[in-house]
Amino acid sequence: MAIIHSATLTPSKPALIGAWLDGRPWAGQGPDEVLGAYRFDDPEGEVGVEAFLVRRGDRLLHVPLTYRGAPLAGHEEHLVGTLEHSVLGPRWVYDGTRDGVALACFRRALAGEQEQAELEIHEDGRLVGRRPQQVLVSRESGEEKAVAGSAQGGQVLIPHVLDAEAEGRSRLRARCGDLQVVVAALA
């Protein structure tokens, strides 16, 4: 389960995402609308893994992020930004498509070995409720002609721009209201 703290974040996640997207040539232009998010659990319990579906102008974007309690050495160019979490303290936020912890979560999900995280709300160290999922993620078989082999092999594809469905022998489909998109594939 993913623990969601009753906390204040400065800057907010939408503000942090918007500022980062402003510097990405693939992100397009226009106002940002966060449609929803989903999470995976880091088995070590150290890194937060959360992915957002964002509409920016006429583009639909997939923005996986990781949240860390310390900088990730050698990943300076993948730093989305930092934020202050009123419960956990400073968080370094990275592009999840370049963070090994997030990539491992997506690989396990594509192999059917990990489900999206349940969302538990904690306050003062105790469980106070559960949050319903905004985005539901499910695994599906992809194209048959994809490279055969174990789930441990193959490349994990996690597109930022969702203008075409990623192909592979296994895919993750995200559903948010009437929206259904492939957010990852194992090629």
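Residues numbered from 1 in each chain as written. Predicted model: local features only at pLDDT ≥ 70, side-chain atom pairs only at ≥ 80, totals over all residues. Heavy atoms only, no water.

A.B. asks: What is the right way to look at the nonpolar core in this model?
C.D. replies: Across soluble globular proteins, you tend to see nonpolar side chains buried next to one another. In terms of nonpolar packing, the biggest core is built from 25 residues, with Tyr38, Phe40, Leu53, Phe106, Leu172, Val181 and Val183 touching the most fellow members. Listed in part, the 15 residues of the second largest apolar core include Phe52, Val63, Leu65 and Val80. (Core = buried A, V, L, I, M, F, W, Y, C linked by side-chain atoms within 4.5 Å. Buried < 20%, exposed > 50% of the residue type's maximum accessible area, 1.4 Å probe, protein only.)

A.B. asks: Is there a simple way to think about the environment of Gln134 in this case?
C.D. replies: Along the polypeptide, Gln134 turns up in the loop between β9 (126–131) and β10 (136–141). With relative accessibility at 49%, the residue Gln134 sits in the partly exposed group. Along the primary structure Gln134 and Tyr38 are separated by 96 residues, whereas in three dimensions their C-alpha atoms are 6.9 Å apart. One polar contact links the side chain of Gln134 to the main-chain amide nitrogen of Ala37, over a distance of 3.0 Å. (Helix = DSSP H or I, 4+ residues; strand = E, 2+ residues; numbered from the N terminus. Polar contact = N/O pair within 3.5 Å; in protein donor to acceptor, adjacent residues only side chain to side chain.)

A.B. asks: Mind showing me how you'd approach the UniProt feature "domain: Maltokinase N-terminal cap" (unreviewed entry) in the protein chain here?
C.D. replies: Under the feature "domain: Maltokinase N-terminal cap" (unreviewed entry), the UniProt entry names residues 20–99. The span residues 20–99 is 4% helix and 52% strand, and its two end C-alpha atoms sit 16 Å from each other. (UniProt positions renumbered as here; feature names shortened; annotations may be inferred.)

A.B. asks: Please clarify how the pairing of strand β4 (residues 48–56) should be interpreted in this entry.
C.D. replies: One face of the sheet, then the other: side chains in a regular strand alternate in exactly this way. Counting buried positions along β4 gives eight out of nine residues, so the element sits mostly inside the fold. Across nine bridges, β4 lies against strand β5 (residues 59–68) in antiparallel orientation. Residue pairing for β5: Phe52 is matched across the bridge by Val63. Connecting β4 to the next strand, β5, in antiparallel fashion are two residues, including Gly57 with a positive phi near 60 degrees. (Pairing = 2+ DSSP bridges.)

A.B. asks: In this structure, what is going on with helix α2 (residues 100–110)? I would like to understand it.
C.D. replies: The α-helix advances 3.6 residues per turn, and as a result positions three or four apart in sequence lie on the same side. Turning to α2, its buried residues number three or more, namely Ala102, Cys105, Phe106, Arg107, Ala109 and Leu110. One side-chain oxygen of the residue at the start of α2 lies 2.9 Å from the amide nitrogen of Val101, identifying that residue as Asp99. Positioned one or two residues after α2, Gly112 has a phi angle of 80 degrees, which is positive.

A.B. asks: What am I meant to see in the pairing of strand β6 (residues 79–85) here?
C.D. replies: For strand β2 (residues 9–10) and β6, the ladder comprises two bridges, and the chain directions are antiparallel. Among the inter-strand pairings, Leu9 is bridged to a residue of β6, identified as His85. Bridging between β6 and strand β7 (residues 89–95) involves six bridges; their strand directions are antiparallel. Its bridge partner lying in β7, Gly81 is registered against Val93.

A.B. asks: Help me out: how do you make sense of the environment of Arg108 in this one?
C.D. replies: Structurally, the position occupied by Arg108 is in helix α2. Considered as a pair, Arg108 and Leu127 are 19 residues apart in the sequence and their alpha carbons are 27 Å apart. The residues contacting Arg108, other than those within four sequence positions of it, are Asp41, Pro43, Glu113 and Gln114. (Contact = heavy atoms within 4.5 Å.)

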